[in-house]
Amino acid sequence: MTADAVLAASKASIVKGSKSFRSASRLFDPAVREDAWLLYAWCRACDDEIDGQDHGFGHEDLTTEEQQRRLARLYDMTRRAMTGEPMPDPTFAAFQRVALRHRLPERWAMDLIDGFAMDVEHREYRTLDDVMAYCWHVAGVVGVMMARVMGVTDPEVLRRAQDLGLAFQLTNISRDVIEDAEDGRVYLPADWLLEAGLEPTAEAVADPANRPAVHEVTKRLLAVAEPYYDSARDGLRGLPFRSSMAIAAARGVYREIGRKVKRRGPGVWVKRVSVGKPMKLWLFGRGALIAVWTQVLDRGKSPPPRPAMWSRI
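Student: What am I meant to see in the overall build of the protein chain here?
Tutor: In terms of helices and strands, the protein chain carries 14 helices and 0 strands. Mapped in sequence order, the helices and strands of the protein chain form the string α-α-α-α-α-α-α-α-α-α-α-α-α-α. A compact globule built from 313 residues should have a C-alpha radius of gyration of about 20 Å, and the protein chain, at 19 Å, falls within 12% of that. For the protein chain, with 313 residues in total, the buried portion stands at 57%. Entry remark: accessible area of the protein chain is about 14100 Å², with carbon and sulfur atoms responsible for 54%. Charge separation in the protein chain, taken as the distance between the mean sites of 45 positive and 43 negative side-chain charges, equals 9 Å.

Right under this line is the structure:
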């Protein structure tokens, strides 16, 4: 495929798959924005491949054998893309361009696919540490790769990018907990569910009678996300200015989703939680101010020490 066709396919993917990230990505400078789209398209397509979805929507019932076949294809095609082999598939052509341009380590790409393997294996998450490991694979490592796309090589800034990815995924789990349970998946720590008087099963989490208890456990998970959001803010000073604005905007939107889940109580899952346009515009403006603050007033200062939190890097 031509470079323009690959980019067009990647842009179409983000337009369809993520309103929040699409909006925030407009704040990147053009080169970073295009590479972010390329990376997003691959991440989105890999996730859809395993779940039998179209940009996160719908659900095709796949046998475990079919999921394993698709998983093997993702590992194989991703490795081949990283060797420079010509890729006719636009998904892997997109990933190849961004991976080779920014010298993304193969282990990061494999870590993401390992996260999808955890879903195929129906992994159980007994403790918070188990949940955090899953969050690394499906989101933390994406934050690190995105930071590399923005030109970051400083390990401390990469760690803060990891933290934002972890916070995003903890928020996603909280927002989608009932939908996931109805699909047979539970990402809340089993020991927390037991403490709340619930069996750590998808049936128990999905049961409408258990909404109050599930909401209490979800609030506990959202509380875990907060210091990761704070840590990510301290990494903004290590990004180029326009990138810091985009990431600050995305951070604000996702954090607000979590706060809505917390505020609305056990009835929150009647419909999918989202951030409306007026609030999103306000959060984008606030994000710009945070970026200016970190880039101007905090520039040259050492960030506060990162708290002793879970980390893969």
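Following the structure, the description resumes.
Student: Which parts of the structure should I look at to understand the environment of Arg123?
Tutor: Locating Arg123 in the fold gives a position in the loop between α6 (106-120) and α7 (128-149). Exposure remark for Arg123: the relative accessible area of 41% places this residue in the partly exposed category. The spacing of Arg123 and Thr63 is 60 residues in sequence and 16 Å in space, taken between C-alpha atoms. Side chain to side chain, Arg123 and Glu121 meet in a polar contact 2.7 Å long.

Student: I would appreciate a short explanation of the nonpolar core in the present structure.
Tutor: Generally speaking, soluble globular proteins have nonpolar side chains that are buried together. Counting residues in each nonpolar core, the largest one holds 103 residues, and the members touching the most others are Leu39, Trp42, Phe95, Leu170, Leu188 and Tyr228. In this structure Leu188 touches Tyr125, Val131, Ile173, Val177, Leu193, Val214, Val217, Thr218 and Leu221, once residues within four positions along its chain are discounted.

Student: Before we go on, may I ask you to explain the pattern of salt bridges in this structure?
Tutor: Pairing between side chains of opposite charge can happen when the charged atoms of each approach one another. A complete count under the given rule lists 28 salt bridges for this structure. Arg101 is paired through a salt bridge with Asp35; the nearest N and O atoms lie 2.5 Å apart. Of the two residues, Arg101 sits in helix α5 (residues 90-102) while Asp35 sits in helix α3 (residues 30-51), which places them 66 residues apart along the sequence. Note on Asp35: relative accessible area 4%, which makes it buried. Taking the shortest distance from any N to any O, the salt bridge between Asp234 and Arg237 comes out at 3.9 Å. As far as the burial class goes, Asp234 and Arg237 line up, both buried. Connected through salt bridges with shared partners, the residues Glu156, Arg159, Arg160, Asp234 and Arg237 form a single ionic network.

Student: Explain the packing of aromatic side chains here, please?
Tutor: We describe a pair of aromatic rings using the distance from one ring centre to the other and the angle between the two ring planes. As enumerated under the stated definition, the model contains 6 aromatic pairs in all. A ring pair is formed by Tyr125 and Tyr134, whose centres lie 5.3 Å apart and whose planes are at 55°; its orientation type is tilted. In terms of burial, Tyr125 and Tyr134 fall into one category: buried. Note on Tyr125 and Tyr187: the rings are 5.7 Å apart at their centroids and 40° apart in plane angle, and the pair reads as tilted. In this pair, Tyr125 is assigned in the loop between α6 and α7 and Tyr187 in the loop between α9 (177-182) and α10 (190-195), connecting sequence segments 62 residues apart. A single burial state applies to Tyr125 and to Tyr187, both of which are buried. Ring pairing ties together the aromatic residues Tyr125, Tyr134 and Tyr187, which thus form one cluster. Over the ring of Trp192 we find Arg220, and its NZ or CZ is 4.1 Å from the ring centre.

Student: How should the environment of Phe241 be read in this particular structure?
Tutor: Among the secondary structure elements, Phe241 is positioned in helix α13 (residues 241-264). Among all residues touching Phe241, those that are not within four sequence positions of it are Ala291, Val292 and Gln295.

Student: Got a minute to help me understand the environment of Ile257 in this structure?
Tutor: Topologically, Ile257 is positioned in helix α13. Classification of Ile257 by relative accessible area gives buried; the value is 4%. A sequence separation of 196 residues divides Ile257 from Asp61, and the C-alpha atoms of the two residues are 29 Å apart. Ignoring anything within four residues of it in the chain, the contact list for Ile257 reads Thr171, Arg175, Val273 and Val275.

Student: When you look at the layout of surface pockets in this model, what are you seeing that I'm missing?
Tutor: Which parts of space are left empty comes out when a probe the size of a water molecule is rolled across the atoms. Of the voids in this model, the second largest pocket is the one considered here, and its volume is about 280 Å³. Forming the boundary of the second largest pocket are 18 residues, of which Arg123, Glu124, Gly184, Val186 and Pro200 lie nearest the centre.

Student: What am I meant to see in unusual backbone geometry here?
Tutor: Only a minority of non-glycine residues have a phi that is not negative, and only a minority of peptide bonds are not trans. Look at Arg103: it is not a glycine, yet its phi comes out positive at around 55°. Its place among the elements puts Arg103 in the loop between α5 and α6. With phi around 55°, His122 is a residue other than glycine that occupies positive phi space. The topology assignment puts His122 in the loop between α6 and α7.

Conventions we followed
Residues numbered from 1 in each chain as written. Predicted model: local features only at pLDDT ≥ 70, side-chain atom pairs only at ≥ 80, totals over all residues. Heavy atoms only, no water. Helix = DSSP H or I, 4+ residues; strand = E, 2+ residues; numbered from the N terminus. Rg over C-alpha atoms; globule rule 2.2 N^0.38 Å. Buried < 20%, exposed > 50% of the residue type's maximum accessible area, 1.4 Å probe, protein only. Areas by Shrake-Rupley, 256 points an atom, 1.4 Å probe, with all protein chains shown as cover. Lys, Arg positive; Asp, Glu negative; His and termini not counted. Charge placed at Lys NZ, Arg CZ, Asp CG, Glu CD. Polar contact = N/O pair within 3.5 Å; in protein donor to acceptor, adjacent residues only side chain to side chain. Core = buried A, V, L, I, M, F, W, Y, C linked by side-chain atoms within 4.5 Å. Contact = heavy atoms within 4.5 Å. Salt bridge = Lys/Arg side-chain N within 4 Å of Asp/Glu carboxyl O. Phe/Tyr/Trp six-rings, centres within 6.5 Å; stacked < 30°, edge-to-face > 60°. Lys NZ or Arg CZ within 6 Å of the ring centre and 35° of its normal. 1 Å grid on protein atoms, 1.4 Å probe; cavity = no way out; pocket = protein on both sides within 12 Å on 5 of 7 lines; lining within 4 Å. Points joined across faces, edges and corners; volume = space filled by probe spheres on them.

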